[in-house]
Amino acid sequence: MNVMGSPFNLLGRKGRYLFGGITVVGVIAVFHEFVALNTWSSSFTRVDVSAERGLLKGNASDGWNHGQANLHIFEDWCGRSIDQLRKYPHYPLFPHGRTTVAKLAVSPRWKQYGLRIFGYLHPYIDGEFVFALSSQDNSEFWLSSNASPLRCELLAWVGKTGAEWSAPGEYEKFVSQTSRPVRLSAQKKYFFEVIHKQDEGSADHVEVAWKLNRDGLAFTVINSSHISLYTDESMLLMSDVAHIPQTTASHPWADMLREDPRDTLYQLPLISGGSLRHVLPNCTYKASYNIKGLRLQRYQGLNYVHLSQVYPNDYTRLTQLERDHRCFYQQNEESLKQKAPEKSPQEAAEAKKPNSPVVFDAAVAWSQTFRVNPLNLQFARTDLTGNKCNLAGNRMLQPSIARALVKRFMDKLYFIEPGLSLVRVLNVERRVDPAKGSRYLLELEVKDENGKLHRLSHYVYTLDPPKTALPPAEPYLCNPVGIEWKPAVTVHFIVAVKNQARWVMQLIANMEEVYRQTGDALFSLVIVDYDSQDADVLKALKAACLPQYKYLNLSGHFQRAAGLQAGIDLVTDDHSILFLFDLHLHTPVSIVDSVRKHCVEGVMAFAPILMRLDCGATPLEPRGFWEVAGFGLLAGFKSDLMAAGGMNTKEFTFKWGGEDWEFLDRILKSGLEVERLHLRNFYHYFHSKRGMWSHVPKPSKRLSFPRVSVRATSRTPLDGAHRTGDATGGSIPTR
């Protein structure tokens, strides 16, 4: 045997040293793997982050809680992109569910949802780490430089538009999936969050992997050994949200919608109606379409509700959605048709030949012209269009009519108040009475002799002259007796709820925003709660920055009609306005002012039309339709609503749908008009009805509800301090 040629002899002494070195490196690698998988927690040293904890929205977990991360689920929200999830009205504070996950790899096998996974990351060794992310559809991985959620930075992501995705474990499809190297310490914990959006497709998944920044190492999913909870939510109600971290990743970056002066009318000081009574002569107002005493069949009142016209254009027409829904044009097809040119005998004969797929003429008549007349379908609309087409928006008032009316009114006003001058026309609303004339609401911005701006908001009436009058006379402009709105009346928003914590908190936050923006202390939120178990509604009301609220807790199964009637009964002032409201709404800050202007005691109730958003649509990107057939949102003076009989609690118990139309019948028969307008920035969010109220048996007899003596709580404007008792009459400590 050739000894000199054996491999061992070829290595020699230096080779043996090399072999020993490789062995040592292997032992060290095994040791680190053992540490990573089994023993990191026994040697973990926590650091004091109290200096930053005061900046956090909630209290970060001080305990270990290792082996899990917080998982929040946002269901029934369309779209594939993270930006769509951020536009969800409840994101990030009010998820459908809150649970935990044992590692950063999730596949619920569901659709149309979003996930937020957050907690602390615990590195097993000091060094540079690289992170990788994979998902279907879009996802993002954020990591803080320490335990504070306020220092989060986006490290990796899958897509931005919603069209991107990757297969499970596919980390190199997009360059954005892998992060830059990040130096971490085994002696610290780091806040992280993963955001994921899934559409209606299958194969849903999201996973986060990591590795040390060394050649030859593969990515591995971050498992339970290296994560811990941000906070333990197992004993918290869904309405408890102070602990939920809000970070840079939590909110969208979106452009504002086009502004309209109607949205901020409330900001201008109002000229009192008393000073305007002598501008015009008085006249009796009684609309010919009033049907007091008329017998109606069930739900026939819908045919007696008309749409008012507005000026200037408020752009409530949903033009962006008319590609597939052409109802706006159907009634005007004749006006859209252009007369086709006659064909020559040769062209007619050619057209009759068989097998002729020719799209364009052989010779293009480049110099051919045609004549067209201006076409504005807005002014050709009727009430029929508004009630049948749910994209058309408000009816438009002819500019010439609006400007002529404003000029006539201002000429009269100058004679009484010569120091006032017109700055601009903010809003004109017209309700046409075919038999008599038209009622107008004029809203003008005027300037006094000192240059201060004021708002004039006043009803006027134009009586049409007899048709036989010669020469033809212009309509008689007068002040309609009894048509005057009250700017200082209290508006009560009445809502019935049961186990809808995230929507209740959304409603309260929306009402808080109305109060903060307007400073209007003359409204209250009235919540009738059917013993909700997922939130302490009364506690949330007490903590909210609201001028007034009323609360009543009822037991038993949810009944919308009975709940609203119980809320009506809580209001003791018959001369205040009740707004029968709902959850799932986005309310414009001008809502209180809008309701007051369109409710006149003994004369007029208000049923605003809101926009129902499609799944995945938001107030910043509204897609959907106007709820032209719905009257569930109705405002009127309590005296008027009770004179019409209030809610029908006998016939409409556990099921609802039709109770609004039935109430509308009785309101119209009592002699009231119902004003109908599409309101800008007033939306109903898309939501699933799955498990909302649960199925309940129909009772054998009508349920009775306790009469509770309730005093409204109130606060001085914007100071947050309670003045009087709570819903049961007890005192509430001042904060």
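Residues numbered from 1 in each chain as written. Predicted model: local features only at pLDDT ≥ 70, side-chain atom pairs only at ≥ 80, totals over all residues. Heavy atoms only, no water.

Some words on the overall build of the chain
Keep this limit in mind: Runs of H or I in DSSP of at least four residues are treated as helices and runs of E of at least two as strands, each being numbered from the N terminus. Three exposure classes are used, based on accessible area relative to the maximum for each residue type with a 1.4 Å probe and protein chains only: buried under 20%, partly exposed in between, and exposed over 50%. Surface accessibility in these figures is a Shrake-Rupley result with a 1.4 Å probe; residues are shielded only by whichever protein chains are displayed.
When helices and strands are counted, the chain shows 14 helices and 31 strands. Sorting the 735 residues of the chain into buried and exposed places 51% on the buried side. In the structure as shown, the chain presents an accessible area of about 36,900 Å², 54% of it carried by carbon and sulfur atoms.

Comments concerning the confidence of the model for the chain
For the record, the criterion: Values of pLDDT, which run from 0 to 100, indicate the predictor's confidence residue by residue. A contact between two residues is defined here by any heavy atoms of the two lying within 4.5 Å.
Counting all residues, the mean pLDDT for the chain is 80, and 76% of those residues have values of 70 or more. Here residues 1-19 is modelled with pLDDT under 50, and outside its nearest four sequence neighbours on either side it reaches three contacts, counting other chains as well. Long-range and interchain partners of residues 695-735, a stretch whose pLDDT sits below 50, account for 90 contacts in this model, where long-range means more than four residues apart.

With respect to the sheet that holds strand β30 (residues 678-684)
Whenever strands of a sheet pair, they do so through backbone hydrogen bonds, lying parallel or antiparallel. Inclusion rule: Two strands qualify as a pair provided that DSSP identifies no fewer than 2 bridges between them.
With respect to topology, four strands assemble into an open sheet ordered β24-β30-β26-β27, the strand pairing being mixed. Looking along the sheet, the strands with just one partner apiece sit at the ends: β24 (585-586) and β27 (624-626). Here strand β26 (residues 609-613) pairs with β30 via three bridges, running parallel. Along β30, the bridge assignment pairs R612 with H684.

So, the state of the cysteines
Selection criterion: When two cysteine sulfur atoms are found within 2.5 Å, that pair is recorded as a disulfide.
According to the stated counting rule, one finds two disulfides in the structure shown. Each disulfide pairs two cysteine sulfurs, and for C78 the partner residue is C615, the sulfurs being separated by 1.9 Å. Disulfide C78 to C615: torsion about the S-S bond roughly 105 degrees, handedness right-handed. The same class applies to C78 as to C615, namely buried.

So, the pattern of salt bridges
Which entries qualify depends on this criterion: Counted as salt bridges are all cases of a side-chain nitrogen of Lys or Arg within 4 Å of a carboxyl oxygen of Asp or Glu.
Throughout the structure, instances matching the rule amount to 29 salt bridges. The shortest N-O distance in the salt bridge between D263 and R680 comes to 2.7 Å. A single burial state applies to D263 and to R680, both of which are buried. E675 is the salt-bridge partner of R431, the closest N and O atoms lying 2.8 Å from each other. Of this pair, R431 sits in strand β16 (residues 421-433) while E675 sits in strand β29 (residues 673-675); the two residues are 244 residues apart in sequence, bridging distant segments of the chain. Here R431 and E675 have matching classes, each one buried. Via salt bridges that share partners, D83, R86, E140 and K160 belong to a single interconnected network.

Focus: the nonpolar core
Just so we agree on the cut-off: Remark: nonpolar core denotes a set of buried residues (Ala, Val, Leu, Ile, Met, Phe, Trp, Tyr, Cys) joined through side-chain atoms within 4.5 Å.
Residues F493, L525, L541, F579, F581, I591 and V595 are the most contacted members of the largest nonpolar core, which totals 64 residues. Counting residues per element, this core draws most heavily on helix α9 (residues 501-518), which supplies nine residues. Core analysis: the next-biggest nonpolar cluster, separate from the first, contains 34 residues, L552, A607, I667 and L668 among them.

Quick look at unusual backbone geometry
Note that the residue after Y91, namely P92, is joined by a cis bond; omega there is 5 degrees. Structurally, P92 can be placed in the loop between α3 (82-86) and β2 (97-101). Omega for the bond connecting Y311 with P312 falls within 30 degrees of zero, at -5 degrees, which places this linkage in the cis form. Assignment of secondary structure puts P312 in the loop between β14 (309-311) and α4 (327-330). At Q112, a position not held by glycine, the phi torsion is positive, near 50 degrees. Structurally, Q112 can be placed in the loop between β3 (105-106) and β4 (113-121). When its relative accessible area of 14% is taken as the criterion, Q112 is described as buried.

Examining the environment of E207
Mapped onto the elements, E207 comes out in strand β10 (residues 205-212). In sequence terms E207 and H196 are eleven residues apart; their C-alpha atoms lie 9.6 Å from each other. Once you skip the residues sitting within four places of it in the chain, E207 turns out to touch L104, A105, A132, L133, S134, A167, P168, G169, Y171 and V221.

A short note on the side chain of K211
Quick reminder of the rule: Neither His nor the chain termini are counted; the positive set is Lys and Arg, and the negative set is Asp and Glu. Polar contact is the term for a pair of N or O atoms within 3.5 Å; when the atoms are in protein, one must be able to donate a hydrogen and the other to accept it, and sequence-neighboring residues count only if both atoms are side-chain atoms.
Mapped onto the elements, K211 comes out in strand β10. Within the buried set, K211 has no salt-bridge partner at all; the shortest N-O distance to an opposite charge, 6.1 Å, is to E172. One polar contact links the side chain of K211 to the main-chain carbonyl oxygen of L217, over a distance of 3.4 Å.

Things to note about the side chain of S590
Looking at the secondary structure, you find S590 in the loop between β24 and α12 (591-597). The exposure class of S590 is buried, given its relative accessible area of 10%. Once residues lying within four places of it in the same chain are set aside, the contact partners of S590 are R262, D263 and Y266.

Re helix α14 (residues 659-669)
Because each turn of an α-helix spans 3.6 residues, side chains separated by three or four positions in sequence point in the same direction. Counted residue by residue, α14 has nine buried out of eleven residues, so it is predominantly covered. Where α14 is concerned, the buried positions are E659, D660, E662, F663, L664, D665, R666, I667 and L668. A positive phi of about 105 degrees marks G671, the residue just after α14.

A word on the sheet that holds strand β18 (residues 453-463)
This is how the line gets drawn: The angle between two axes is taken between their N-to-C directions and runs from 0 to 180 degrees, where each axis is a line fitted to C-alpha atoms and a helix contributes only its stretch in contact.
Strand order in the open sheet formed by seven strands is β13-β19-β18-β17-β16-β14-β15, and the pairing between neighbours is mixed. Edge positions in the sheet fall to β13 (282-283) and β15 (395-396), since each has one partner strand and no second. With three bridges joining them, β18 and strand β19 (residues 476-480) adopt antiparallel strand pairing. Bridging from a neighbouring strand, Y461 pairs with C478 of β19. Packing against the sheet, helix α8 (residues 399-416) makes contact with β14, β16, β17 (437-447), β18 and β19, and its axis sits at approximately 65 degrees to β17.

Notes on the packing of aromatic side chains
To keep it simple, the criterion reads: The pairing test for Phe, Tyr and Trp rings, Trp by its six-membered ring, is centres within 6.5 Å, and the orientation test on the planes gives stacked under 30 degrees, edge-to-face over 60, and tilted for anything in between. To sit over a ring, a charge needs its Lys NZ or Arg CZ within 6 Å of the ring centre and within 35 degrees of the ring normal.
Taken as a whole and judged by the stated rule, the model has 24 aromatic pairs. Seen in terms of ring centroids, F74 and Y88 are 6.0 Å apart; in terms of plane orientation they differ by 90 degrees. Their pairing is edge-to-face. Residue F74 is found in strand β1 (residues 69-75), and its partner Y88 is found in the loop between α3 and β2; the two are separated by 14 residues along the sequence. Ring geometry for F579 and F581: centres 5.0 Å apart, planes at 65 degrees, overall edge-to-face. Accessibility assignment for this pair places F579 and F581 in one class, buried. Among the aromatic residues, ring-to-ring pairing joins F493, Y515, F523, F579, F581 and F682 into one connected group. Above the plane of the ring of F219 lies K211, whose end atom (NZ or CZ) is 4.8 Å from the centre. Over the aromatic face of Y299 sits the side chain of R298, whose NZ or CZ is 5.3 Å from the ring centroid.

What about α9?
Counted only if it meets this: Here the expected length of a helix is defined as 1.5 Å per residue gap, with one fewer gap than residues.
Taking 1.5 Å as the rise per residue, α9 with 18 residues should run 26 Å; its terminal C-alpha atoms sit 26 Å apart, in good agreement. For α9, a buried count of 13 out of 18 residues is recorded, marking the element as mostly surrounded by other parts of the structure. Just downstream of α9, G519 is the residue with a positive phi angle, here 70 degrees.

Topic: the environment of T572
For T572, the position within the fold is in the loop between α11 (560-570) and β23 (577-580). As for T572 and K638, which are separated by 66 residues in sequence, their C-alpha atoms are 9.0 Å apart.

A closer look at the pairing of β10
A regular strand places its side chains on the two faces of the sheet in alternate fashion. Of all eight residues making up β10, eight are buried, and the element is well covered by its neighbours. Neither face of β10 is exposed, since H205, E207, A209 and K211 on one face and V206, V208, W210 and L212 on the opposite face are all buried. In this sheet, β10 lies alongside β3 in antiparallel orientation, the contact comprising two bridges. Note on β10: the bridge partner recorded for A105 is E207. Taken together, the eight bridges between strand β5 (residues 127-136) and β10 define a ladder with antiparallel strand orientation. Within the sheet, the bridge partner assigned to Q136 lies in β10 and is H205. Pairing analysis gives two bridges linking β10 to strand β11 (residues 220-221), with the strands arranged antiparallel. Directly across from W210, in β11, lies its bridge partner T220.

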